[in-house]
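# What the coordinates show
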Amino acid sequence: MRYNDGIIRWAKIATVMFIAMVVVADIFGIIITRYIAYCWAEVFDMLRVVILTVVFYIGTVGGYFILISLFKLLSNMSKDVVFDRKNTKLMAVITGALVGIAVDCVIGGFIWNGSWILAILALFMGLIVLSVKVVFDKAITMKEEMDLTI
Amino acid sequence: MIVVNLDVMMAKRKISSGELAAKVGITQANLSILKNQKAKAVRFSTLNDICKALDCQPGDILEFRED
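These numbers were taken from a predicted model, which means no experiment stands behind them. (Residues numbered from 1 in each chain as written. Chains lettered and ligands numbered in written order. Predicted model: local features only at pLDDT ≥ 70, side-chain atom pairs only at ≥ 80, totals over all residues. Heavy atoms only, no water.)

### Quick look at the overall build of chain B
In terms of regular secondary structure, chain B is built from five helices and two strands. Ordered by position in the sequence, the α and β elements of chain B form the string β-α-α-α-α-α-β. Expected size for 67 residues packed as a compact globule is a radius of gyration near 11 Å; at 11 Å, chain B falls within 12% of this value. Taking the contacts inside chain B whose residues are at least 6 apart along the sequence as the reference set, 64% of them involve residues at least 24 apart. Accessible surface for chain B amounts to roughly 4400 Å². Of this, 51% is attributable to carbon and sulfur atoms. Taken together, the 10 basic and 8 acidic charged side chains of chain B have centroids lying 5 Å from each other. (Helix = DSSP H or I, 4+ residues; strand = E, 2+ residues; numbered from the N terminus. Rg over C-alpha atoms; globule rule 2.2 N^0.38 Å. Contact = heavy atoms within 4.5 Å. Areas by Shrake-Rupley, 256 points an atom, 1.4 Å probe, with all protein chains shown as cover. Lys, Arg positive; Asp, Glu negative; His and termini not counted. Charge placed at Lys NZ, Arg CZ, Asp CG, Glu CD.)

Here is the structure:
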């Protein structure tokens, strides 16, 4: 189990680093969205820049949900709480947040085309997390049945 | 549904939960799960040991009832 503990510890550190990155992105959000709007999307009217900024900030809210849920999930794993309904709920939160981000990115896609790619990536990741959640749900049901087999 | 009539059989044989659990080789907690209809499955080996301890047939312990 020591090998897995190391992976979990590094994954938690990486998650914290990603949270810090999202915080930094939030602080410089206006600069980032303006850079995207002016340099990448070549959009110069204020309304569309504001919409892109709102889309960006909604996306980062989703990012917080994902990263905090991931951190809780990893903490549960490090406490040997693996096949537990708490974890599948966290996976459901991650899936929901990813779908939310995908919808958010679709809105952003009407202003900047690169946002479509992010939407597809978010949906794909959501699909993977959902699949893992289904596997965990099945495993928990099997474990419960095993526990109640006398 | 399948109903476990273990407590009826235990009363007939005048045997306590602790005594039966010891004879069958399961914990009292597991015996309680069985008695309270919470069990999802019973191993043949456990059923065999219970029948042996209570000197009865599986049908004396398990009963099918319409939901």
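### Structural notes on the overall build of chain A
When its secondary structure is counted, chain A shows five helices and zero strands. Relative to its length of 150 residues, chain A is extended, with a C-alpha radius of gyration of 19 Å against a globular reference of 15 Å. Viewed in the frame of its principal axes, chain A has a C-alpha envelope of about 70 × 25 × 20 Å. A buried classification covers 38% of the 150 residues belonging to chain A. (Buried < 20%, exposed > 50% of the residue type's maximum accessible area, 1.4 Å probe, protein only.)

### Side note on the interface of chain B and chain A
On the side of chain A, four residues touch chain B, which itself brings 11 residues to the contact. Taken over both partners, the interface formed by chain B and chain A buries close to 710 Å², and the fraction arising from carbon and sulfur atoms is 67%. Interface area lost by chain B to chain A is led by Lys40, Ala41 and Arg43 of chain B, which between them contribute 58%. Remark: the boundary between chain B and chain A carries five residue pairs in polar contact (both at pLDDT 80 or more). Broken down by element, the side of chain B that touches chain A gets its largest block of residues, three residues, from helix H3 (residues 28–35) of chain B. Across the side of chain B that touches chain A, the residue classes tally to six nonpolar, two polar and three charged. (Buried area = accessible area lost by both parts, 1.4 Å probe. Polar contact = N/O pair within 3.5 Å; in protein donor to acceptor, adjacent residues only side chain to side chain. Nonpolar A, V, L, I, M, F, W, Y, C, P; charged D, E, K, R; others polar.)

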